[in-house]
Amino acid sequence: MKSRKLLMIPGPIEFEPSVLRAMGEETTSHVAGNFIESFGNAIDLMKKVWLSPLGQPFIVAGSGTLAMDMAAANLIELNDNALVISTGYFGDRFRNILERYGANVTYLEAAVGEVVSLETIEKELRSKTYKLVTITHVDTSTGVLVDPKPIAELAKKYNALSILDGVCSVAGEEIKQDEWGLDIVLTASQKAVGVPPGLALLVASQKAIDIWKNRKSPVQNYYADWSNWLPIMQAYEKRQPSYFGTPPVNLIRALETSLEIINAEGIENRIFKHKKLASAFREAIKSIGLHIIPINDTMTANTLSAIYYPENIDGGTFLKKVYENDIILAGGLLPEIKLKYFRVGHMGSLSSNDLISVLSAIEKALAELNYNFEIGKSLKTFQGLI
Ligand code: PMP
């Protein structure tokens, strides 16, 4: 595939050949012995990758938004208070979903590139009884990373559930679900988990399951209702056939394959690799005078970079030139600055060579657009750090 372009957006990403081969295997019955084993194994592996031996995994056909929807639908009852901590576009999405199920949402929004302070969060939690708190671990629209651990501790202190939108972080940023006391950690297959789009993935704590079990009103979403899915997950985990909605057989085989790869590498090694490549990439970008959205390193994601275009460079023309050099990058997403920045995904089975190709394409495009910088500087910086 010599003319293939390198897909470096923040999901979907480049996938391992063995994962893609699993997608192409002959589709088996969802109650066939080999598939039951794969499904059960994928459930076991999720607990390992999420570092949640006590959690309850859910694997359901859908995208990350369904995982958010599932968390909200099962946990929210009419007029429950929910606290949304937002660092960009996806905080806003969580607010919309929670409100759809009748929650009274308080929305704490950080300035662009920043996080909401713990003091602000605690003050709000003290002010009334919250059913749950949502945190976007990495907001894919800003590249801002939030430290979920102290927020989960605060949620626990004030008796609220903590829900982590880990769509752009699970398997790419450090998460210790059980140790940190996170009640829900959710993601989608197409990001750092490394599987083509189509799976909503979620791990729930026993506390979250108990709160759902003790609901007074029925779940207001038929497809997402855990009453339908919990028995299925429990059956496959016990290596027994079960049916509610036909599972996406090939995607689940691909999930098993990718989680095996992640687990074999070791989740800690995997996170370390993301950190190392991301920090070298950031330094490289800065060395040619470009600026990223997050205001400091502790608030910066390791799974993607959100980078401002230099003054007087047209974003559309820049991205087109990068594309002509066989690299696919993403434009901006946050409405207020959408045309001012671009995004580079660097998660999953990424290698330093991929980022060298990205830097080279960025430099070439900038040079053609007459941006003034030392050609080769970002590549030199990156290679010096890697
Ligand atoms: N949350 C975050 C942080 C995301 O990055 C995304 C997808 N970019 C979503 C939620 C929604 O996921 P999906 O597009 O798979 O529905």
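Residues numbered from 1 in each chain as written. Predicted model: local features only at pLDDT ≥ 70, side-chain atom pairs only at ≥ 80, totals over all residues. Heavy atoms only, no water.

> Go over the pattern of salt bridges with me, naming the residues and quoting the values.
Pairing between side chains of opposite charge can happen when their charged atoms approach one another. Taken as a whole and judged by the stated rule, the model has 19 salt bridges. For Glu 237, the salt bridge goes to Lys 47, with nearest N and O atoms at 2.7 Å. On the criterion of sequence distance, the pair formed by Glu 237 in helix 9 (residues 226-237) and Lys 47 in helix 2 (residues 33-49) is long-range, its members being 190 residues apart. Here Glu 122 makes a salt bridge to Lys 157, at a shortest N to O gap of 2.7 Å. With Glu 122 in helix 5 (residues 118-127) and Lys 157 in helix 6 (residues 148-157), this residue pair connects regions lying 35 residues apart in the sequence. (Salt bridge = Lys/Arg side-chain N within 4 Å of Asp/Glu carboxyl O. Helix = DSSP H or I, 4+ residues; strand = E, 2+ residues; numbered from the N terminus.)

> Tell me what's going on with the domain arrangement of the protein chain, and back it up with residues and numbers.
Segmentation of the protein chain into domains returns domain 1 (6-11 + 267-385) and domain 2 (17-265). The C-alpha centroid of domain 2 is placed 28 Å from the C-alpha centroid of domain 1. In this assembly, 29 residues from domain 1 lie in contact with 29 residues from domain 2. At the boundary of domain 1 with domain 2, total buried surface from both sides reaches about 2,400 Å², with 63% on carbon and sulfur atoms. Summed over the shared surface of domain 1 and domain 2, the number is two salt bridges. Here Lys 273 ties to Glu 265 by a salt bridge, and the two come within 3.8 Å at their closest N and O atoms. The set of elements that each furnish at least two residues to the side of domain 1 that touches domain 2 consists of helix 11 (267-287), strand 11 (304-308) and strand 14 (341-345). (Domains from an automatic or database assignment. Contact = heavy atoms within 4.5 Å. Buried area = accessible area lost by both parts, 1.4 Å probe.)

> Which residues make up the pairing of strand 14, and what are the values?
Look at any regular strand and the pattern is simple: side chains alternate between the two faces of the sheet. Among the five residues of strand 14, five are classified as buried, and the element is accordingly described as predominantly covered. Two elements, strand 11 and strand 14, share five bridges in a ladder whose sense is antiparallel. By the bridge assignment, Tyr 308 is partnered in strand 14 with Tyr 341. Sheet analysis places strand 13 (residues 330-331) next to strand 14, joined by two bridges and oriented antiparallel. Bridged to Ala 330 within strand 14 is Arg 343. (Buried < 20%, exposed > 50% of the residue type's maximum accessible area, 1.4 Å probe, protein only. Pairing = 2+ DSSP bridges.)

> I'd like a rundown of the packing of aromatic side chains, residues and numbers included.
Evaluated as defined, the whole model comprises 13 aromatic pairs. Relative to Tyr 236, the ring of Phe 39 has its centre 4.1 Å away and its plane inclined at 20 degrees; by these criteria the two rings are stacked. Here the residue Phe 39 occupies a position in helix 2, and Tyr 236 occupies one in helix 9, the gap between them amounting to 197 residues. Residue class for Phe 39 comes out buried when judged on its relative accessible area of 1%. Using a relative accessible area of 0% as the deciding quantity, one classes Tyr 236 as buried. Summarising the aromatic geometry, the rings of Tyr 309 and Phe 342 are spaced 5.3 Å apart at their centres and angled 25 degrees between planes, so their arrangement reads as stacked. Of this pair, Tyr 309 sits in the loop between strand 11 and helix 12 (315-324) while Phe 342 is found in strand 14, placing the two residues 33 residues apart along the sequence. (Phe/Tyr/Trp six-rings, centres within 6.5 Å; stacked < 30°, edge-to-face > 60°.)

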